[in-house]
Amino acid sequence: MKNYLAFLLVLTVTTASAHGPLPVRPSAPSDLVQTGLTDNDTTAGGTARLCEQVTFSRGLRYGDSEANVLDVATSTTKADTPRPVLLFVAGDTFTGDRAAPELSRQIQDQAMCFAARNDMIGVRVNYRLAPSATWPTGATDVASALSWVHGNIDLFNGDAREIVAVGYGAGAFHVATLLAHPELQTDRADVAAVVLVSGVYRAGKDASDSEKAYLGSDASQYNKRSVFPGILNVDVPIVLAWAADDSAGLVAQGEILKKTLCGAGHCPRSALLRSRDGIAAAFGLDGSGDSLAEPTLLLVKQLEARGLP
């Protein structure tokens, strides 16, 4: 894992350098609240250790709802050129995380610090939850957050041309829905690539209570509210992942999406994770082994090779 992180650091520096010298970016506004993690912020994965030399700007408003806030994680080591952005949209279910909110935040912080420690900008998006917020609120919230990132990430030395959206759990459905439904897309809400982890992409008659809370109880609407067939028109690179300990239904969702995309000539890179015990585990930050670290590294390399204008 350390080798992956070291390589990703070198790679992302190369990615940023490829764009050539750019004007000096302005400093972040003084009214942004920036807090570093302390040794009290610890979990089994070692949040404090992973987040050394990382600064967080928390609770930045991107929409009208109190839930429409995001956090930005940056390295205290300054870079001369803009950095790629990993934007995290996570959620165990459509109604919220299974873990306690504080624990869930710390676990997601670990993934944010993975980005910041490897010369990228980490952005975590909070969004409105079911049952008070129903389809397509999750996707439109992600669109609004992306518009905010496009307009503001340069203040954190981020490169809006290289946004990789990471959807995890319910967040994978929200990210995929936004890509699959052009009518939900807003100005400057585009991404350079996506990583979809253990998502439900088309609910069926056996939908869970959480899925019904978001998609509604009328199963006749589920196909219309799925990511098919719109996801087949997406032209950005996709990494698709699920975990060995996912339910049979979740595994089937991932396999069907992969098969359908491959049949349409847009075969995604895929990864089988050992565990889905939180987004930090998905990136191997708990030492569990098989993770998204290498596929994400390869995705960033692909963006760099493509030579974004």
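Everything in this summary refers to the structure shown in the same document. (Residues numbered from 1 in each chain as written. Predicted model: local features only at pLDDT ≥ 70, side-chain atom pairs only at ≥ 80, totals over all residues. Heavy atoms only, no water.)

**Some points on the pattern of salt bridges**
A side chain with one charge may pair with a side chain of the opposite charge, provided their charged atoms come close. Inspection of every chain in the model, using the stated rule, returns eight salt bridges. Note that Asp71 and Arg124 form a salt bridge whose closest N and O atoms lie 2.3 Å from each other. Of this pair, Asp71 sits in strand 3 (residues 69-75) while Arg124 is found in strand 5 (residues 121-125), placing the two residues 53 residues apart along the sequence. We note a salt bridge from Asp119 to Arg83, for which the minimum N-O separation is 3.0 Å. (Salt bridge = Lys/Arg side-chain N within 4 Å of Asp/Glu carboxyl O. Helix = DSSP H or I, 4+ residues; strand = E, 2+ residues; numbered from the N terminus.)

**A few points about helix 4 (residues 137-152)**
The terminal C-alpha atoms of helix 4, which comprises 16 residues, lie 22 Å apart, in line with the 22 Å expected from a rise of 1.5 Å per residue. Listed as buried for helix 4 are Thr137, Gly138, Ala139, Asp141, Val142, Ala143, Ala145, Leu146, Trp148, Val149 and His150. (Expected span 1.5 Å × (residues − 1). Buried < 20%, exposed > 50% of the residue type's maximum accessible area, 1.4 Å probe, protein only.)

**Digging into the side chain of Ser210**
The topology assignment puts Ser210 in helix 6 (residues 209-215). Once residues lying within four places of it in the same chain are set aside, the contact partners of Ser210 are Thr93, Phe94 and Thr95. (Contact = heavy atoms within 4.5 Å.)

**Considerations on the state of the cysteines**
Enumeration according to the criterion identifies two disulfides in this entry. The disulfide bridge from Cys51 ends at Cys113, spanning 2.0 Å between sulfur atoms. When the S-S torsion is 105°, as for the bridge of Cys51 with Cys113, the disulfide is right-handed. With a gap of 62 residues between them, Cys51 in the loop between helix 2 (47-50) and strand 2 (54-61) and Cys113 in helix 3 (residues 101-116) connect regions that are remote in the sequence. A residue is classified by how much of its surface remains accessible, and Cys113, at 0% relative accessible area, is buried. (Disulfide = S-S within 2.5 Å.)

**As for the packing of aromatic side chains**
According to the stated counting rule, one finds three aromatic pairs in the structure shown. For the ring pair Phe94 and Phe173, a centre distance of 5.6 Å and an interplane angle of 85° mean the geometry is edge-to-face. In this pair, Phe94 is assigned in the loop between strand 4 (83-91) and helix 3 and Phe173 in helix 5 (residues 170-180), connecting sequence segments 79 residues apart. Like Phe94, the residue Phe173 is buried in the burial classification. (Phe/Tyr/Trp six-rings, centres within 6.5 Å; stacked < 30°, edge-to-face > 60°.)

**Observations concerning the pairing of strand 5**
Of all the five residues making up strand 5, five are buried; the element is thus mostly covered by neighbouring parts of the structure. A two-sided burial pattern is seen for strand 5, the buried positions comprising Ile121, Val123 and Val125 on one face and Gly122 and Arg124 on the other. Judged from the four bridges that link them, strand 4 and strand 5 form a sheet pairing that is parallel. What sits directly across from Leu86, in strand 5, is Gly122. Where the polypeptide runs from strand 4 across helix 3 and back to strand 5, its parallel neighbour, the crossover connection is right-handed. (Pairing = 2+ DSSP bridges. Right-handed = clockwise from strand over helix to strand, strands pointing away.)

**Points about the packing of helix 4 against helix 5**
Between helix 4 and helix 5, the shortest axis-to-axis distance is 8 Å and the interhelical angle comes to 80°. One way to sum up the angle between helix 4 and helix 5 is to call them roughly perpendicular. Judged by residue contacts, Gly138, Ala139, Val142, Ala143 and Leu146 of helix 4 engage His174, Thr177 and Leu178 from helix 5. Residues belonging to the contact of helix 4 with helix 5 are distributed by class as follows: five nonpolar, three polar and no charged. (Axes fitted to C-alpha atoms, helices over the stretch in contact; angles between N-to-C directions. Parallel < 35°, antiparallel > 145°, perpendicular 65-115°, else oblique. Nonpolar A, V, L, I, M, F, W, Y, C, P; charged D, E, K, R; others polar.)

**What about the pairing of strand 3?**
Of all seven residues in strand 3, seven are buried, a share of seventy percent or more. Every second residue of strand 3 is oriented toward a common face, with Val69, Asp71, Ala73 and Ser75 on one face and Leu70, Val72 and Thr74 on the other, all of them buried. Pairing geometry for strand 2 and strand 3, over six bridges, is antiparallel. Bridge assignment links Phe56 to a residue of strand 3, and that residue is Ala73.

**Side note on helix 5**
Burial within helix 5 is extensive, with eleven of its eleven residues counted as buried. Burial in helix 5 covers these residues: Ala170, Gly171, Ala172, Phe173, His174, Val175, Ala176, Thr177, Leu178, Leu179 and Ala180. Contact partners of the buried residues in helix 5: strand 4, helix 4, strand 6 (158-169), strand 7 (193-197) and helix 6.

**A closer look at the environment of Glu255**
Relative to the helices and strands, Glu255 is located in helix 7 (residues 248-263). By relative accessible area, which is 46% here, Glu255 ends up partly exposed. When the C-alpha positions of Glu255 and Trp242 are compared, they lie 8.9 Å apart, and in sequence the two are 13 residues distant.

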